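Residue-level listing of the chains:
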Amino acid sequence: MNPMEQLPDKIEELVHELSVLPYNDMHYEGPPVGALVLTNYVVWLVIATLTVFVIFFLVARREQKRMSFAVESGKVTDLAPTSKFVSMIELGVEFIRDMAIDVIGPKDGPKYTAFLGTFFFMILVSNIYGLVPGGKPFAGTMGATVALALIVWVVFVFVGFKKNGFFGYMKSLIPSGVREMPLAGRIGLGSYIFLLEFISTFIIRPLTQSVRLFANMYAGHIILGVFSAFVVLFMRQFSVANFAVGTVSMLFLIIMYAFEIFVAFIQAYVFTILTAVYIQSSVHASEH
Amino acid sequence: MEAGLVAIGKGLAYGLAAIGPGVGIGIVGGKALEAMARQPEMAGRIQTTMFIAIAFTEALALLGFVLTFLL
């Protein structure tokens with residue numbers, strides 16, 4: 001049998017496997033599952049969240065003990081982390097803190113370290129779980145990423161209102177150059193820019209932030225799945241041509257796998273830095 | 001017939017939406033590389049800004065991607 005003829009079936013199977021299904025029934029067919037059904041993505045979301053929580057809880061407790069020990073002994077060197085793992089986590093948190101200070105500013109930045117760090121480590125751990133065979137990233141379904149983007153939306157809108165007041169935040173959507181124009185320009189151009197900025201701030205931002213994460217993870221898994229299907233289908237029957245195609249697919253699969261690890265990091269980073277940028281634009285809304 | 005046309009439309013929607021951002025991200029990346037080569041000590045800041053710029057450019061392609069699902 002020609003392997004290419006079986007490919008559409010394999011891809012359909014793959015797409016089905018990546019859709020939202022009850023966690024205990026991989027071959028579920030029929031209408032989309034309801035809100036109260038425990039789905040495969042929710043299971044992996046819970047696993048990723050628990051992993052992050054347990055790691056950070058243990059590390060934080062250890063650091064706290066270390067701190068009180070150093071206070072007692074009075075030596076600065078006792079503050080240094082004792083194990084490589086603790087040191088690694090500390091490095092990650094410092095990375096987030098530096099990013100927050102860099103983007104949001106030295107005064108307001110450190111306040112948001114915990115918020116940004118939660119997003120970064122949750123998405124990162126979940127994306128890494130998605131690369132383990134059998135695992136799934138929660139970002140592989142639109143519902144989860146929309147929920148994350150909505151949390152970000154609520155936070156940056158709230159910060160904007162709190163820092164500038166309702167009218168101040170709305171006014172800041174119009175650039176200051178337009179605000180200083182003559183009256184006709186202010187009304188004509190101002191209302192037009194306000195409309196554009198309003199749509200891009202309140203609608204496009206959460207939309208793109210959620211779709212970016214979802215699209216990258218979903219597309220990555222489809223690519224990995226298609227190459228795996230190629231390998232399986234072509235290696236099944238031995239001939240020189242089949243073997244060549246299978247070997248090349250295998251090579252590409254390995255390369256794409258490495259690339260997906262990179263994407264897992266970069267998407268967690270991009271999501272976090274965009275959150276920081278949105279918060280920054282709310283905090284400093286009156287300045288531009 | 002109709003399903004085939006929808007499939008072609010989906011392909012066109014995403015393909016056309018990817019042209020502009022493709023060029024844009026190329027320019028962003030190239031310029032960032034140029035800047036980093038001129039001032040290696042600013043590489044960290046430039047990289048951060050580059051990622052933000054790429055994210056904004058990419059948004060247009062993502063709108064096309066969403067459109068393929070909506071069609």
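Because the structure is predicted, anything quoted here is derived from the model rather than measured.

## Description of the overall build of chain B
At step 1: Looking only at helices and strands, one finds two helices and zero strands in chain B.
At step 2: Across its three principal directions, the C-alpha atoms of chain B cover 60 × 15 × 10 Å.
At step 3: Sorting the 71 residues of chain B into buried and exposed places 8% on the buried side.

## So, the nonpolar core
At step 1: Grouped together as the largest cluster of nonpolar side chains are 45 residues, with contacts concentrated most on Ala100, Ala276 and Ile279 of chain A.
At step 2: Breaking this core down by element, the ones donating at least two residues are α2 (40-73), α3 (84-104), α4 (113-131), α5 (142-172), α7 (183-236) and α8 (240-283) of chain A together with α2 (43-70) of chain B.
At step 3: For this core, the element with the most residues is α8 of chain A, which contributes 10 residues.
At step 4: Setting aside chain neighbours within four positions, we find Ile279 of chain A in contact with Ile104, Tyr112, Val155, Phe156 and Val159 of chain A.
At step 5: Grouped together as the second largest cluster of nonpolar side chains are five residues, Leu224, Phe227, Phe230 and Leu233 of chain A included.

## Notes on the packing of α4 of chain A against α8 of chain A
Residues and elements named next belong to chain A.
At step 1: Where α4 meets α8, the closest approach of the two axes is 9 Å, and the angle between their N-to-C directions is 160°. Judged by the angle between their axes, α4 and α8 are roughly antiparallel. The crossing of α4 and α8 is right-handed. Across the interface between the two elements, Leu116, Phe119, Phe120, Ile123, Leu124, Asn127, Ile128 and Leu131 of α4 pack against Glu260, Ile261, Ala264, Phe265, Gln267, Ala268, Phe271, Thr272, Thr275 and Ala276 of α8.
At step 2: A breakdown of the residues in the contact of α4 with α8 according to their chemical character gives 13 nonpolar, four polar and one charged.

Conventions and cut-offs
- Residues numbered from 1 in each chain as written.
- Chains lettered and ligands numbered in written order.
- Predicted model: local features only at pLDDT ≥ 70, side-chain atom pairs only at ≥ 80, totals over all residues.
- Helix = DSSP H or I, 4+ residues; strand = E, 2+ residues; numbered from the N terminus.
- Buried ≥ 20, exposed ≤ 12 C-beta atoms within 10 Å, placed from the backbone.
- Core = buried A, V, L, I, M, F, W, Y, C linked by C-beta atoms within 7 Å.
- Contact = placed C-beta atoms within 7 Å.
- Axes fitted to C-alpha atoms, helices over the stretch in contact; angles between N-to-C directions.
- Parallel < 35°, antiparallel > 145°, perpendicular 65-115°, else oblique.
- Left-handed = near helix turned anticlockwise from the far one by under 90°.
- Nonpolar A, V, L, I, M, F, W, Y, C, P; charged D, E, K, R; others polar.

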